[in-house]
Amino acid sequence: MTEAAADHDHDDHEHDDHGHGDHGHGAYGPFLQHHFDTPKQQYDAAKLGMWAFLAQELLFFSGLFVAYGIFRSWYPDAFGAGSHELNRTMGAINTCVLLFSSLTAALTVRANQLEERRQASILMILTIGCAFAFLVVKYFEYGHKFHDGLLPGQYFGTPRHMIDHEYMSLNPAAVVGLAGIPVLGIISLAQYLRGQGKMAGYLLLAMLAWIGIAFGVLHTGHIFATLDPHGDTAVTAELPDRTHIFFSLYFVMTGLHALHVIVGIGIWFWILRRNIRGDFNKNYFQPVDNSALYWHLVDLVWIYLFPMLYLIDYVPKGHH
Amino acid sequence: MSDHDHDHDADDGQIHAHVSSAKLYWGIFFALIVFTILTVGIAGIHLGAANLAVAVIIASMKAALVCTFFMHLSHDNRFHAIIVVSTVMFIGVFFAYTMNDTGHRGAESGVDPQSGAHTYIPSGDIAPGSWERPAEQKTPEKHDDKAPEHH
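### Comments concerning the overall build of chain A
Counting secondary structure elements, chain A contains 10 helices and 0 strands. The linear arrangement of helices and strands in chain A, starting from the amino end, is α-α-α-α-α-α-α-α-α-α. Sorting the 320 residues of chain A into buried and exposed places 48% on the buried side. Counting contacts in chain A only where the partners sit at least 6 residues apart, residues at least 24 apart contribute 79% of the total. As displayed, chain A offers around 14900 Å² of accessible surface, 67% of which is attributable to carbon and sulfur atoms.

Here it is as structure tokens:
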């Protein structure tokens, strides 16, 4: 086998000399790029690039961790009290969910190395399921913080009834915006029934994007543009000064992390589709490998976020 | 070069990345869960300033397990491990210099007794980037008022 492959490699180079480099590549499947000689070279290059990207990700997150370090050293009481308001159980559950998804991601790569396509698909679906479970828990956590007025920066202490009031008062522009959603949905369905599957798919995607934008604009822009800052709720009135800084960092750090989880879901769906299509084999699995590396990084960031945000030791003043 | 396990056939152009056993991955997963339980348990003990240090040490042990086994650094091209280690070192430099700066900012300038802001000694002007002193636990008034009610 080794010799045969080496001979083949040799042939390949001869072809290269004549400017027909692609001929020899066929034996390795359609995914060996013409500028690489062998699958191994392509794999090593892709992996090196991935690690450079991961290093960048670590440095990018480190800026937030340094901000955390500075503010925690300045305002230890505010951080203790803020951390005390977070739900440890939910944080711990999410930690376990992400660790499990890291396991399934690692096993996915292994399954692809062994060309166990079916097993790999199941593991990818498990990873996606864990990612969604993580976001659902996060959604309930954020909802609870919003309810208690534990909002970032100057919006800290805004009572919930004000948020509800602002959210419910839909203006005419918002109504027109929302009306576009069912219209797109109906056209998409009509296209599907006419046998225009691809067109229906694009319209469905457009509808989803429309929902996202409409929801985002209403839910955040509208709230943050009209709220009266510097209020107090029953919960925030009890907290030390500058606890809002803790919650600014909490929302930015966990929010950016959640954004990575959402991107990860998209990546895994793409990889799952390619796996079902049969793109991968033992000489071509670097998209799976690199996606798993990305997913492990998302897990790594959470490994630090969980104890640093949720588990700060705190004895409230007057409770000793 | 990258797969020293397979030096004998390293040059056939095929990928010979190490395939770890599923058992190893499950073992690492359970170790990570044990560390998670440990870090939650220790957070219940009042360690004061050591709280953050212990949390970071346990998190780093978990991170090392993920990097070494899940991310295959144990059997990977050494250069990838060098990338990770040097990244961590640069993060350390980032932390050390910034914390050293912010921890002592304005220490040699004057302090305005009214606002707690740092000032230039010669002119008395407020120094750029000056911040109110968090030290001496200048607890907020509203908190002081309410403190007795907690008893």
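From this point on, the discussion continues.
### Topic: a nonpolar patch on the surface
Together, Met199(A), Tyr202(A), Leu205(A), Leu208(A), Ile211(A) and Phe215(A) make up a nonpolar patch on the protein surface, roughly 610 Å² of accessible area in all. The residue Leu208(A) is located in helix 8 (residues 197-226) in this model.

### As for the packing of aromatic side chains
Enumeration over the complete set of coordinates arrives at 28 aromatic pairs over all chains. An angle of 75° between the planes, with centres 6.1 Å apart, marks the rings of Trp74(A) and Tyr75(A) as edge-to-face. A relative accessible area of 10% places Tyr75(A) in the buried class. Between the aromatic rings of Phe100(A) and Phe29(B), the centroid separation amounts to 5.6 Å while the plane-to-plane angle is 70°, which identifies the pairing as edge-to-face. In this pair, Phe100(A) is assigned in helix 4 (residues 88-113) and Phe29(B) in helix 1 (residues 22-43), connecting two distinct chains. Just above the ring of Phe31(A) sits the side chain of Arg274(A); from NZ or CZ to the centre is 4.9 Å.

### A few points about helix 3 (residues 76-84) of chain A
Among all positions in helix 3 of chain A, only Ala78(A), Phe79(A), Gly80(A), Ala81(A), Gly82(A) and Ser83(A) are buried. Against helix 2 (39-74), helix 9 (243-277) and helix 10 (286-310) of chain A lie the buried residues of helix 3 of chain A.

### So, the packing of helix 10 of chain A against helix 2 (residues 50-70) of chain B
At a minimum axis distance of 9 Å, the contact between helix 10 of chain A and helix 2 of chain B shows a crossing angle of 165°. Overall, the two elements helix 10 of chain A and helix 2 of chain B adopt an arrangement that is roughly antiparallel. The chirality of how helix 10 of chain A crosses helix 2 of chain B is right-handed. Along its contact with helix 10 of chain A, which presents His296(A), Asp299(A), Leu300(A), Ile303(A), Tyr304(A), Pro307(A) and Met308(A), the element helix 2 of chain B presents Leu52(B), Ala55(B), Val56(B), Ala59(B), Ser60(B), Lys62(B), Ala63(B), Val66(B), Cys67(B) and Phe70(B). Classifying every residue of the contact of helix 10 of chain A with helix 2 of chain B by side-chain character gives 13 nonpolar, 2 polar and 2 charged.

### Here's the deal with the pattern of salt bridges
All names here are of chain A. Counted by the stated rule, this structure contains 6 salt bridges over all chains. As a salt-bridge pair, Lys40 and Asp44 come within 3.1 Å of each other at their nearest N and O atoms. Here Lys40 and its partner Asp44 are both found in helix 2, 4 residues apart, which amounts to about one turn of the helix. Under the relative-accessibility criterion, Lys40 is labelled buried at 12%. Note that Arg274 and Asp279 form a salt bridge whose closest N and O atoms lie 2.7 Å from each other. The same class applies to Arg274 as to Asp279, namely buried.

### Quick look at unusual backbone geometry
Note: most peptide bonds trans; most residues except glycine with negative phi. Of note in the backbone geometry, Glu115(A) takes a positive phi value of approximately 60° without being a glycine. Among the secondary structure elements, Glu115(A) is positioned in the loop between helix 4 and helix 5 (117-147). The class of Glu115(A) is partly exposed, set by a relative accessible area of 44%. Despite not being glycine, His72(B) shows a phi value in the positive range, around 65°. Looking at the secondary structure, you find His72(B) in the loop between helix 2 and helix 3 (78-104).

### Here's the deal with the environment of Leu58(A)
Within the secondary structure, Leu58(A) sits in helix 2. Look at Leu58(A) and you get partly exposed, because its relative accessible area is 23%. When the C-alpha positions of Leu58(A) and Pro76(A) are compared, they lie 25 Å apart, and in sequence the two are 18 residues distant. If we ignore the near neighbours within four places in the chain, the residues touching Leu58(A) are Leu297(A), Thr87(B) and Ile91(B).

### Things to note about the interface of chain B and chain A
Counting residues at the interface gives 65 residues for chain B, matched by 74 residues for chain A. For the pair chain B and chain A, the summed buried surface comes to about 6000 Å²; carbon and sulfur atoms form 69% of the total. Linking chain B with chain A are 1 salt bridge. The shortest N-O distance in the salt bridge between Lys47(A) and Asp76(B) comes to 3.4 Å. Taken together, chain B and chain A are joined by 12 residue pairs in polar contact (both at pLDDT 80 or more). For the side of chain B that touches chain A, the secondary-structure elements that each account for two or more residues are helix 1, helix 2, helix 3 and helix 4 (141-146) of chain B. Top element by residues in the side of chain B that touches chain A is helix 3 of chain B. It accounts for 12 residues. When its residues are assigned to classes, the side of chain B that touches chain A shows 35 nonpolar, 22 polar and 8 charged.

What counts and how
- Residues numbered from 1 in each chain as written.
- Chains lettered and ligands numbered in written order.
- Predicted model: local features only at pLDDT ≥ 70, side-chain atom pairs only at ≥ 80, totals over all residues.
- Heavy atoms only, no water.
- Helix = DSSP H or I, 4+ residues; strand = E, 2+ residues; numbered from the N terminus.
- Buried < 20%, exposed > 50% of the residue type's maximum accessible area, 1.4 Å probe, protein only.
- Contact = heavy atoms within 4.5 Å.
- Areas by Shrake-Rupley, 256 points an atom, 1.4 Å probe, with all protein chains shown as cover.
- Patch = residues over 30% accessible without salt bridge, like charges linked within 9 Å, V, L, I, M, F, W, Y side chains within 5 Å.
- Salt bridge = Lys/Arg side-chain N within 4 Å of Asp/Glu carboxyl O.
- Phe/Tyr/Trp six-rings, centres within 6.5 Å; stacked < 30°, edge-to-face > 60°.
- Lys NZ or Arg CZ within 6 Å of the ring centre and 35° of its normal.
- Axes fitted to C-alpha atoms, helices over the stretch in contact; angles between N-to-C directions.
- Parallel < 35°, antiparallel > 145°, perpendicular 65-115°, else oblique.
- Left-handed = near helix turned anticlockwise from the far one by under 90°.
- Nonpolar A, V, L, I, M, F, W, Y, C, P; charged D, E, K, R; others polar.
- Buried area = accessible area lost by both parts, 1.4 Å probe.
- Polar contact = N/O pair within 3.5 Å; in protein donor to acceptor, adjacent residues only side chain to side chain.

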